Amino acid sequence: MKQATDELKTRARILLNALEKQTPAAILKVQQLSKRARRPQPDTYSLQLCLNLVSIEVGFRSWDHARTVLQGEAKIGDDMGQFWYDDKACSVFMNAWFVEYDVALAFVQASADRFLLPYGTQFVVVEPPYLAMIGLQVDTPRWRTAGYDLMASYGSTDWQVFVTQRLLATRGTLHQSPQQLPH
């Protein structure tokens, strides 16, 4: 579980170094992430600020929120963030959304090729193309052992493997030109 938070810490240090060098892509990234989080543009940069920003970038409210969820300390019904969602890539899919975990789980179990993912305090049931779009391996026995349900496997080794896959899929925006950065 430490691997996911270590990845975010590394990203934060890279961002801070780029900001200290006044890299245009890093400055633009901070502007965009601050806007997305509805936070004022920072006047100064710190590691704590960068930890919060990289956490926002991957779908959490803050570093503390990311750390709690990624380290397996949240419970069903807690805000799990938008980590398992990419608004640009995934909005093209028709997914089933649920407020109650038990109803979502029954929907997953009623048909093959459905996977339950947390989203905020709710649950979304998706199909294989969605998983591939967010960087998760679909054809792996881990899904079977996880019951096709990221909440059932929350905090387990399977959960951590899926978290790592998702984090790897979100890497790399700092080295893109400002025109390529997500808005």
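Residues numbered from 1 in each chain as written. Predicted model: local features only at pLDDT ≥ 70, side-chain atom pairs only at ≥ 80, totals over all residues. Heavy atoms only, no water.

Asks: Whenever I open this one, the sheet that holds strand β3 (residues 122–126) confuses me. Can you help?
Replies: Taken in spatial order, the 3 strands line up as β1-β3-β2 in an open sheet, and their pairing is antiparallel. The sheet is open, and its two borders are formed by β1 (96–98) and β2 (115–119), each paired with just one other strand. Averaged over all pairs of adjacent strands, the angle between their axes in this sheet comes to 25°, without regard to strand direction. Here 3 bridges tie β1 to β3, and the two strands are oriented antiparallel to one another. Bridge pairing in β3 places A96 opposite V125. (Pairing = 2+ DSSP bridges. Helix = DSSP H or I, 4+ residues; strand = E, 2+ residues; numbered from the N terminus. Axes fitted to C-alpha atoms, helices over the stretch in contact; angles between N-to-C directions.)

Asks: So what exactly am I meant to see when it comes to the packing of aromatic side chains here?
Replies: Using the criterion set out here, one finds 13 aromatic pairs in the structure. Measuring from ring centre to ring centre gives 4.8 Å for F83 and W84, while their planes differ by 80°; the resulting arrangement is edge-to-face. For the pair formed by F83 and W84, the shared burial category is buried. Aromatic pair Y154 and W159: ring centres 4.6 Å apart, planes at 80°, arrangement edge-to-face. Y154 sits in the buried class, given a relative accessible area of 16%. (Phe/Tyr/Trp six-rings, centres within 6.5 Å; stacked < 30°, edge-to-face > 60°. Buried < 20%, exposed > 50% of the residue type's maximum accessible area, 1.4 Å probe, protein only.)

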